[in-house]
Amino acid sequence: MPGAEFGAEVRSHDGTGVIDLRGEINLGADQALLAAYEQAVGDDPRTVVLNFAGVDYINSTGIALIVGLLARARKEHRTVRAFGLSEHYRQIFAITRLSDFMGIYADEDSAVSATVST
Amino acid sequence: MTTIPSNLRRVLRREPRVRPTTEPVAAPPERVETPPVEIAPNDPLVAYFSGATGAVDIGALQLDSPALDGLREAGIKLVVPLVSQGELIGLLNLGPRRSEQEYSADDRKLLNDLAGHAAPAVRVAQLVREQEAEVRQRERIEQELRVAQLIQQQFLPHELPDLPGWQVAAYYGPAREVGGDFYDFIKLPDGQIGIVVGDVTDKGVPAALVMATTHSILRAEAPRLVAPSQVLTRANELLVDEMPAHMFVTCLYAVLDPSSGRLRYANAGHNVPYVSTEAGVTELRATGMPLGLLPGMDYEEKEATLALGDTVLLHSDGLAEAHNGEREMFGFPRVATLTGEASDGEVLIDRLLKELQEFTGPGVDQEDDITLVTLGRRAAGAAVPAATAERQLAAFVVPSAPGNERLAIDQVAEAVAGLGLAGPRLERLKTAVGEATMNAIEHGNNNRPELPVEVVVAADDHDVKVRITDQGGERSIPEVETPDLEAKLAGLQTPRGWGLFLIQNMVDRLETTVNQHHHTIELVMHLKEVPDARS
């Protein structure tokens, strides 16, 4: 069944690049996710925040894409934070230990304003 | 022959005449309606119009055609066939010109142009209407299917009787278009137990309702009458008046005295049960007409005594009458042979289903419900703990194309909807189903759409089980390893490789089996969370 197609929009919030993700994060999200990341780091921010509120499905390929994005951010010495994850995907981020390397926050304000480096 | 779709056969109207442009514009022409003219698909006029290249003068036509007479009677002078992609889809009918002059060459050209433009638009409208009707029909069928399943499952036993010294096992697998199978265990006086296996002719909601009625009648009458022949006689009398036309119920009813092994039985046209004994396989034959066909029927009652080690198989015809791709039947002799080979009832049921799957081949829809009940006498004290009956909730296939795991997720979610699986556990099961299906599509079937991924959803009182089978039997099953996230983040490993690890962490138990052709992963989720089972 064709699910909701992946999309990503980038905006700035207090100098932090916020990527609003929506639809399904699967193999098809590869290019759009990469492009959104490129755009978000255009002004060389220290932190990139991923908004998962509009995401309804992440499969293992989607996890791999997020791992790839995180790997790149670490190489560039950027911090990645996330908010808007459903309880189920919070659990998956915990099981995969993604949340050890990416701060998970309850909402956008706390993700953007967090001072503790993750 | 080209035929006019039935929904257009009535769109035959007398249109306002075509006004020559030179005529002064007066009051708008009066619209004259004539009754629609029916044209039979085999009327020679249809073939004539299909081949016509433009407007046709009805007066000049010479054909032995009832429709032509009808058109003339309706006052039609000129007909412009609407043809789209070589198919006649309608007619534009015109009466005489008001000026009483003949239609001019300009008139005809205008009409032919109009027909050329209108025909594709009319065809599109027809297709849209047909498609909408199809969608409505499909939705109605799906809804009926769900209702039938709901009724059916309501009346199947949720647990098997616990009889010391006896092993009881049961399997019920509905066909997609739910048939009318049912089985039941009824407590009787003096520790006896009634065993019912039945099958209602027809499918869907009507069959489910008759099944529910039969179930209730047997439950009410069995404890009172006990004797199998009397119970069936009474059930037949009550059902004859209630039974919709062309429907009836076949039913085997047996009464077991667990202490002596005495089994009394009567049969209303149902499959003959097989008994595996030390001396070989025997049949439990007794004659009787199906229930609900004719009033005043008598049912022969017979009895057998089951010895230690004997196993009885009661079965509906969904098993023996299943067909393979060559339209060969699985067959009763095969069921009898397999009954004789199995060591106990549970093994027998597993073996029968496995043999059936091998026989029908992958991706074949089950034709009819399958119900199997076994009853085995074991040494006293060697009572097998009462197992709970496994019910099949859904069986379907998805083609091996990327993204189709969502199909599997949605259908599994729908199948388990009535089980009361708590939200987070349902989400975990869905993720596991998605990942296992993805693996089957990608690694098992190499993304070849013609290879099906087979999904079976079943449940007993404790667990829901989802079995996902691909056609890549020869590949080995990789060990589940915890991915090394540090290495992946450092770019030392591929970021991929999460599927199996995720599956294992989502469900309560994970089992895989491989044979020469197939690879099956079974996902087991407890219906209720067991404390400490998982963090």
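Predicted model, so just to flag it, every value in this text is computed and none were measured. (Residues numbered from 1 in each chain as written. Chains lettered and ligands numbered in written order. Predicted model: local features only at pLDDT ≥ 70, side-chain atom pairs only at ≥ 80, totals over all residues.)

**Student:** How would you sum up the overall build of chain A? Please name residues and give values.
**Tutor:** Helix and strand counts for chain A stand at 4 helices and 5 strands. Walking chain A from its N terminus toward its C terminus, one meets helices and strands in the order β-β-α-β-α-β-α-β-α. Each of the 118 residues in chain A was classed as buried or not, and the buried ones make up 42%. (Helix = DSSP H or I, 4+ residues; strand = E, 2+ residues; numbered from the N terminus. Buried ≥ 20, exposed ≤ 12 C-beta atoms within 10 Å, placed from the backbone.)

**Student:** Hey, could you go over the overall build of chain B for me, with residue numbers and the actual values?
**Tutor:** In terms of helices and strands, chain B carries 13 helices and 19 strands. Considering chain B as a whole, with its 535 residues, one finds that 38% of them fall into the buried category. Of the contacts formed within chain B by residues at least 6 apart in sequence, a portion of 70% connects residues at least 24 apart. (Contact = placed C-beta atoms within 7 Å.)

**Student:** Which residues make up the interface of chain A and chain B, and what values go with them?
**Tutor:** It is common to give the size of an interface as the accessible area lost on bringing the parts into contact. Listed per partner, the contact involves 18 residues of chain A and 19 residues of chain B. Counting residues per element, the ones that place at least two in the side of chain A that touches chain B are α2 (60-75) and α3 (87-95) of chain A. It is α2 of chain A that provides the largest number of residues to the side of chain A that touches chain B, a total of 8 residues. For the side of chain A that touches chain B, the per-class residue count stands at 9 nonpolar, 6 polar and 3 charged. (Nonpolar A, V, L, I, M, F, W, Y, C, P; charged D, E, K, R; others polar.)

**Student:** Run through the sheet that holds strand β11 (residues 280-283) of chain B, naming residues and quoting values.
**Tutor:** Residues and elements named next belong to chain B. Strand order in the open sheet made by the 10 strands is β11-β10-β13-β14-β5-β15-β16-β17-β19-β18, with mixed pairing throughout. This sheet does not close on itself; its edge strands, each paired only once, are β11 and β18 (509-514). Put simply, the sheet's adjacent strands are angled 20° from each other on average, direction ignored. By the bridge criterion, 5 bridges tie strand β13 (residues 311-315) to strand β14 (residues 370-377) in an arrangement that is antiparallel. Paired with Leu314 across the strands is Val373, a residue of β14. Packing against the sheet, helix α10 (residues 405-415) makes contact with β15 (390-399), β16 (452-459) and β17 (463-470), and its axis sits at approximately 160° to β15. Set on the sheet, helix α11 (residues 423-444) makes contact with β15, β16, β17 and β19 (519-526); between it and β19 the angle comes to about 175°. (Pairing = 2+ DSSP bridges. Axes fitted to C-alpha atoms, helices over the stretch in contact; angles between N-to-C directions.)

**Student:** Give a detailed account of the nonpolar core, specifying residues and quantitative values.
**Tutor:** Counting residues in each nonpolar core, the largest one holds 69 residues, and the members touching the most others are Ile19 of chain A together with Val412, Val433, Val455, Val457 and Leu523 of chain B. One finds Val249, Ala286, Ile370 and Val373 of chain B within the second-largest nonpolar core, a separate group that totals 64 residues. (Core = buried A, V, L, I, M, F, W, Y, C linked by C-beta atoms within 7 Å.)

**Student:** Before we move on, can you summarise helix α4 (residues 105-154) of chain B with the specific residues and values?
**Tutor:** The α-helix winds at 3.6 residues per turn, so residues separated by three or four positions along the chain end up facing the same way. Residues and elements named next belong to chain B. For α4, built from 50 residues, the straight-helix expectation of 74 Å at 1.5 Å per residue is met to within 8% by its first-to-last C-alpha distance of 73 Å. The sharpest bend along α4 reaches about 30° and sits at Ala118, with the proline Pro120 one to four residues further on. Among all positions of α4, only Leu111, Ala115, Ala119, Ala148, Gln149 and Gln152 are buried. Considering only its buried residues, α4 is in contact with β3 (78-84), β4 (87-94) and α5 (204-225). (Expected span 1.5 Å × (residues − 1). Bend = angle between axes of the 7 residues up to and from the residue.)

**Student:** Describe unusual backbone geometry, and please don't skip the residues or the numbers.
**Tutor:** Apart from glycine, the bulk of residues carry a negative phi angle, and the bulk of peptide bonds sit in the trans form. Residue and element names in this part refer to chain B. Despite not being glycine, Val226 has its phi angle at roughly 60°, a positive value. Position of Val226 relative to the elements: it lies in the loop between α5 and α6 (228-242). Residue class for Val226 comes out partly exposed when judged on the 17 C-beta atoms lying within 10 Å of it. Here the phi dihedral of Arg327 falls at roughly 60°; this positive angle occurs in a residue that is not glycine. With respect to the helices, strands and loops of the structure, Arg327 is situated in the loop between α7 (317-320) and α8 (332-341).

**Student:** Give me the lowdown on the packing of α8 of chain B against helix α9 (residues 345-360) of chain B, citing residues and values where you can.
**Tutor:** Residues and elements named next belong to chain B. Contact geometry of α8 with α9 gives a least axis separation of 9 Å together with a crossing angle of 140°. α9 is crossed by α8, and the crossing has right-handed handedness. Two secondary-structure elements touch here, α8 through Val335, Leu338 and Thr339 and α9 through Leu348, Arg351, Leu352 and Glu355. (Left-handed = near helix turned anticlockwise from the far one by under 90°.)

**Student:** Account for the pairing of strand β6 (residues 180-187) of chain B, with residues named and values stated.
**Tutor:** When you tally the buried positions in β6 of chain B, you get 7 out of 8 residues, the bulk of the element. The turn joining β6 of chain B and strand β7 (residues 193-200) of chain B, which pair antiparallel and follow one another in sequence, is formed by 5 residues; a positive phi near 60° is taken by Asp190 of chain B.

**Student:** How would you sum up the sheet that holds strand β8 (residues 249-257) of chain B? Please name residues and give values.
**Tutor:** Residue and element names in this part refer to chain B. One open sheet accounts for 5 strands, arranged β6-β7-β8-β9-β12; its pairing is antiparallel. Each edge of the open sheet is held by one strand with a lone partner, namely β6 and β12 (301-305). Pairwise comparison of adjacent strand axes, ignoring direction, gives a mean angle of 15° for this sheet. Summarising the sheet, β8 and strand β9 (residues 262-268) pair through 7 bridges and their orientation is antiparallel.

**Student:** Mind laying out the packing of α5 of chain B against α6 of chain B, listing which residues take part and the relevant values?
**Tutor:** Residue and element names in this part refer to chain B. Relative to each other, α5 and α6 sit at 145°, their axes nearing to 9 Å. For the crossing formed where α5 meets α6, the hand is right-handed. Across the interface between the two elements, Thr213, Thr214, Ile217, Leu218, Glu221, Ala222 and Leu225 from α5 touch Gln230, Val231, Arg234, Ala235, Leu238, Leu239 and Glu242 from α6. Residue composition of the contact of α5 with α6, grouped by class: 8 nonpolar, 3 polar and 3 charged.

**Student:** Pulling in residues and values, what's your account of α11 of chain B?
**Tutor:** Given a rise of 1.5 Å per residue, 22 residues ought to cover 32 Å, and the 30 Å separating the end C-alpha atoms of α11 of chain B matches this to within 8%. For α11 of chain B, the buried fraction is high: 16 of the 22 residues fall into the buried class.

**Student:** Before we move on, could you go through the pairing of β8 of chain B and cite the residues and values that matter?
**Tutor:** Within β8 of chain B, 8 of the 9 residues are buried, which leaves the element mostly enclosed by the surrounding structure. Count of turn residues in the β8 of chain B/β9 of chain B antiparallel hairpin: 4 residues, of which Gly261 of chain B carries a positive phi of about 80°.

Note that all results are geometric; they support no functional claim without further evidence.
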